[in-house]
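The residues making up each chain are set out below.
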Amino acid sequence: VQLVESGGGLVQPGGSLRLSCAASGFTFSSYVMNWYRQGPGKERELVARMPSAGGSTNYADSVKGRFTISRDNAKNTVYLQMNSLKPEDTAMYYCNALLTGWGKKYDYWGQGTQVTVSS
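Draft legend 1. Structural view of the sheet that holds strand β3 (residues 17–24). Judged by pairing direction, the sheet is antiparallel, and its four strands sit side by side in the order β1-β3-β8-β7 without closing on themselves. Edge strands, defined here as strands with exactly one partner in the open sheet, are β1 (2–6) and β7 (67–72). Ignoring strand direction, the axes of neighbouring strands in this sheet form an average angle of 15°. Where β7 and strand β8 (residues 77–82) come together, six bridges link them in antiparallel fashion. Bridging across to β8, D72 finds its partner in T77.

Draft legend 2. Structural context of the pattern of salt bridges. Within the structure shown, the criterion is met by four salt bridges. For the salt bridge of E45 with R37, the shortest nitrogen-to-oxygen distance reads 2.6 Å. Here D89 ties to R37 by a salt bridge, and the two come within 2.9 Å at their closest N and O atoms. Taken together, the positions of D89 in the loop between β8 and β9 (91–101) and R37 in strand β4 (residues 32–38) put the pair 52 residues apart, joining distant regions of the chain. Across the pair, exposure class does not vary: D89 and R37 are buried alike. Each member of the salt-bridge network shares a partner with another, and the members are R37, E45, R66 and D89.

Draft legend 3. Seen up close, the pairing of β8. The element β8 is extensively covered by neighbouring structure, given that five of its six residues are classed as buried. Sheet topology note: the β3/β8 ladder contains six bridges and is antiparallel. When the bridges of β8 are listed, C21 appears paired with V78. Following β7, the chain reverses through four residues before pairing antiparallel with β8; N76 in that reversal takes a positive phi of roughly 55°.

Draft legend 4. Structural context of unusual backbone geometry. Even without glycine at this site, N76 takes up a positive phi of about 55°. Counting through the fold element by element, N76 comes out in the loop between β7 and β8. Phi angles above zero are rare outside glycine, and W102 is one such case at about 55°. Within the element layout of this structure, W102 appears in the loop between β9 and β10 (104–109). By relative accessible area, W102 is classed as exposed at 82%.

Draft legend 5. Structural context of the packing of aromatic side chains. All told, the structure shown has four aromatic pairs when counted by the stated rule. Members of the aromatic cluster, each reached through a chain of ring pairs, are F26, Y31 and Y108. Looking at R44, its charged tip hangs above the ring of W109, at a distance of 4.7 Å from the centre. Positioned above the aromatic ring of F28, the side-chain terminus of R71 is 4.6 Å from the ring centre.

Criteria and cut-off values
Residues numbered from 1 in each chain as written. Predicted model: local features only at pLDDT ≥ 70, side-chain atom pairs only at ≥ 80, totals over all residues. Heavy atoms only, no water. Pairing = 2+ DSSP bridges. Helix = DSSP H or I, 4+ residues; strand = E, 2+ residues; numbered from the N terminus. Axes fitted to C-alpha atoms, helices over the stretch in contact; angles between N-to-C directions. Salt bridge = Lys/Arg side-chain N within 4 Å of Asp/Glu carboxyl O. Buried < 20%, exposed > 50% of the residue type's maximum accessible area, 1.4 Å probe, protein only. Phe/Tyr/Trp six-rings, centres within 6.5 Å; stacked < 30°, edge-to-face > 60°. Lys NZ or Arg CZ within 6 Å of the ring centre and 35° of its normal.

Below is the structure:
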């Protein structure tokens, strides 16, 4: 199982970045896909969630209207489009794949990609 994030970097306030997470080794389309982040001195927080099929996406209040999560099941990839970035968005961003049911839990994490918002 692998989740490989990419797309992070240094961006000025107000700028945009698009994160990607390429998945392999599991049935991607069956999993809820999440983006988490952990800023300096902060706890890891859920940024955006996308269900496996149908349903609505969910966002942290701090990113609503600025970030958009999407997925391409044909490419086994989930994206996070981040617009109007703020310094407080600076964090390590992690991709997470989650499947629960039948008394089991499958929970996979990527290694993270750093996003730094600074002038």
